[in-house]
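A structural walkthrough
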Amino acid sequence: MTGTGGGSTAPPFIARCRLVARILAADRPLVVIEAPAGTGKTWLLRELAAAAPGLGGVADGASPPASGLWDVPVSGATGPLEVPRAGQRLILARRPDSGIPGLARARVYGAVLDIGTDDLLASEAELTAAGLTPAEAAAVMARTGGWLCLYPAGQADPGVLADFLRDEVLAHYPSPAVAALGAHLAEPARRFDARLLAGLPFVRPGAALHPALEAVRQPMLRAVRQTLAVRAEDPTEARAIAVTQAALGQTPAAIATFQSIGAWEAAIGALRQASGPFYIHRFGPRAMDRMLAGFPPDLLLTDETLVLSRAVQAVKRGEVALTLNILSARWGEGMTAARGIMADRRLPLAVRYFRFLVRTWEDFDLPDHFLDDAYRLHAEIPADDDLTRGGFFNAVLEFYIRVRRFPEAEHVALQAAAHYARAGVTILSFYIELHLAVIRLMQADTAAARRHAAGARRLLRATPYDSPGDARILGLVDACIAFEGGQPEPLHRFLTHETDALAQGEIWPTIVELVVTYGSQALAEAQSPVAARAFLDRWRVRQERAAQFRSLIDIREVALLQSAGRWAEAGQAAAALPGRITQGFVLAGGERLAALEDRDEVAMALIWLRQMAQTAPQRPGLDRLIAVMLDNPHLLGRQRMAARIWLVEVLRRTRRTGEAEAALVRLLADAAREGAVATLAEERVFLTDILAVRRLRDAAEADPEVRRLLRGLMAPGPARAAGLTRQETRMLRAIAEGSPNKSIASMLGLSESTVKFHLANLYRKLGARDRRAAVAAAARLRLIR
């Protein structure tokens, strides 16, 4: 055969001359060519017949000939095989599943030369020896992997090749084998049960795809799908296909196949085997949507597994209210209230467990008995149910974060991670790393937070499906870590492009706290307090979240007013908030401040301490109150650092400069080490006054790391550029709020005559004659916002 520049159409069997020679030269009386259908056995027999006419034609009956060539029939029993007499030879071709009586005995006696599947593949050397040019031989190998029956078909377009594979190869295999082949092609690196793949061409369980299959992978997958689609029209065949798909772990395909023939119980059984309602974690939200869409409405409303699956689908979309409605419609209105559900054994364990999980998406005050009840529920979960036990600890992790019990949170995170690793569900391991990143961020440890976020990113990339909602939440955490470390741009981009999508998807209270806290600070610094308050309003008006997060948002709004220097308005807003944590409670609190546990109560107490540190720093015992609050184990890292700044300010204003200096040096060294830039930035209203004292600034800047930190943090603002002093800037903010001279004097610790002196200088620098004109001029110059 001669190469013809890529247009050669020579029959592929001509390239088998070396194998033919090997068979004809064999000294065994029996040669067995054993390979699956479609591998070229019949062509090889024809080539042998052409090369050795003395062998005669190819017999294809059920009885073996005494010698010559025999193409063993596909089905039916054959006659017993006798070893050829001396001087005779029998060459037969069979499939691995063809039984031939007497063959095993011949092998035992050493009378057999076995030719296997790999022997039937051609090499480039054989192709060039047969007359192809090296380039043509390489092209044939790329198209066929040496699988020579594909030689002519491999030159056709992929659709024609798929038809060829379907009709000439796959047609010879039973449906379970075709389903198994499709699974191997889809996941070539995965280890499959060898029994499921036995007899398939060029399949090696647990190994990479054979070159012959890799060469035609996409056309073969197309042929597999076409074959299965046609055969699934027969209910018996469909059930056999679905059973195989389920055994191979192709649960979405198995469920769809069962659904196609109305085998609803079998489909639900396959769903239960694949984590039931938590199927979404293994196969993703799109697969969950398709699976639920394939069931009839009556089953979706009544079957326990399907109802819970619908509830999971809703909560993963961020629709907590719909989730509760789904549960209530099936198990009663008590599901909405959640009281006593965990202990109500009249309900199935799966229902009680899921209602417990839903609490992680709800913002509520954790009663003292809640976690005790939860652990009693945990005791009912089978010890080997790693997915459910991991989910339990994941939920408890969120609750511990919410009440600031970080050591316990990290402990249960390790327990959840161990269960999830054994369950083999990557996306759930991602959630644990994400939570650990949030814990470290809340503790103002940006380096550790960054490490855990990187671990979460690796796990998300390893998840076998796209999860844009989880990627978005990770993006928020990454942006908040960067912001805390002094890099605001990622958070600004996130707030511009992703906030709406985040609010509309799955989100839980800890993540809401992050976005509300960091987002409002970023907008206040980059744009204005007005923009930050508008941002909070957007979260407040989301109806399904209003009751859950109103307190968190209201407290944050007061903090924004304080940071903007609007202390009088902040005090009024704080006093108007409901709850027991009033200014009077804080002043009388004593050791009670160290015992506060509730997130919002801790935050409210800090609001009042911050307010007094600015407006009444000389109040007797205020330093002691702040010190007691610092002993509270439920403070976040950034809350603790902020309170330390307020304490420095109180010490400074009460003329205890030495103590203020020592405390300032320690806290700034800690901030520099932990990279807590955003925390310091939010307390700039205090740090500006503190660092205006030369002794304090010199002491702080003795540390080179602190000096670098402060250089970026305390860059001159627009007021300084306009020539206003620190006191004039504070007075400008006060008159913008409408504060009278007496209130300003009290807040700044000055006499009224000194206030009038500074105001006169302020009016002169702004070219104004009175308060109203000064405020208007400052607004035009963007000195106030």
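Preceding block: the structure.
Remember, predicted model here, so these are calculated numbers, not experimental data. (Residues numbered from 1 in each chain as written. Predicted model: local features only at pLDDT ≥ 70, side-chain atom pairs only at ≥ 80, totals over all residues. Heavy atoms only, no water.)

The next thing to look at is the pairing of strand β4 (residues 90-94). Within β4, five of the five residues are buried, which leaves the element mostly enclosed by the surrounding structure. In this sheet, β4 lies alongside strand β3 (residues 68-71) in parallel orientation, the contact comprising four bridges. Looking at β4, one finds that G68 is bridged to L90. (Buried < 20%, exposed > 50% of the residue type's maximum accessible area, 1.4 Å probe, protein only. Helix = DSSP H or I, 4+ residues; strand = E, 2+ residues; numbered from the N terminus. Pairing = 2+ DSSP bridges.)

The subject of this paragraph is the sheet that holds β3. Across the sheet, which stays open at both edges, the five strands sit in the order β2-β3-β4-β1-β5 with parallel pairing between neighbours. The sheet terminates laterally at β2 (58-59) and β5 (112-115), the two strands that pair on one side only. Lying over the sheet, helix α2 (residues 41-51) contacts β1 (30-34), β2, β3 and β4, oriented at roughly 165° with respect to β3. (Contact = heavy atoms within 4.5 Å. Axes fitted to C-alpha atoms, helices over the stretch in contact; angles between N-to-C directions.)

What follows is about helix α26 (residues 468-484). The end-to-end C-alpha distance of α26 is 24 Å, a good match for the 24 Å that 17 residues give at a rise of 1.5 Å each. Residues of α26 that are buried: D470, I473, L474, L476, V477, A479, C480, I481, A482, F483 and E484. Downstream of α26 by a residue or two, G486 has a phi angle that is positive, lying close to 95°. (Expected span 1.5 Å × (residues − 1).)

One finds F295, F354, F356, L491, I511 and W539 to be the most contacted residues of the largest nonpolar core, which totals 116 residues. The element best represented in this core is helix α24 (residues 426-442), accounting for twelve residues. Not counting the four nearest positions on each side in its chain, I511 is found in contact with V438, I473, L476 and V477. Counting 82 residues, the second largest nonpolar core, distinct from the first, contains A605, L635, A681 and Y763. (Core = buried A, V, L, I, M, F, W, Y, C linked by side-chain atoms within 4.5 Å.)

The subject of this paragraph is helix α22 (residues 386-402). With 17 residues, α22 extends 24 Å from end C-alpha to end C-alpha; this agrees with the ideal 24 Å at 1.5 Å per step. The buried count for α22 comes to 17 of 17 residues, which makes it a mostly enclosed element. R404 sits one or two residues past α22 and shows a positive phi near 65°.

Our next topic: the packing of aromatic side chains. The full count for this structure, using the stated rule, is 14 aromatic pairs. Members of the aromatic cluster, each reached through a chain of ring pairs, are F356, F370, Y375, F392, F393 and F399. In this arrangement the basic side chain of R638 is found over the ring face of Y518, its NZ or CZ atom lying 4.5 Å from the centre. (Phe/Tyr/Trp six-rings, centres within 6.5 Å; stacked < 30°, edge-to-face > 60°. Lys NZ or Arg CZ within 6 Å of the ring centre and 35° of its normal.)

Now for the packing of helix α38 (residues 657-674) against helix α42 (residues 704-713). The contact between α38 and α42 brings their axes to 9 Å, and the two run at 80°. In this view, α38 runs roughly perpendicular relative to α42, as classed from their interaxial angle. The segment α38 lies against α42, with L668, A669, A671 and A672 engaging E705, V706, L709 and L710. Its residues placed into classes, the contact of α38 with α42 shows seven nonpolar, no polar and one charged. (Parallel < 35°, antiparallel > 145°, perpendicular 65-115°, else oblique. Nonpolar A, V, L, I, M, F, W, Y, C, P; charged D, E, K, R; others polar.)

Residue placement: S429 occurs in helix α24. The residues contacting S429, other than those within four sequence positions of it, are Y420, A421 and L459.

With that settled, the discussion passes to the environment of E362. Counting through the fold element by element, E362 comes out in the loop between α20 (349-358) and α21 (370-378). Once the C-alpha coordinates of E362 and V320 are considered, the two residues, 42 residues apart in sequence, prove to be 7.8 Å apart.

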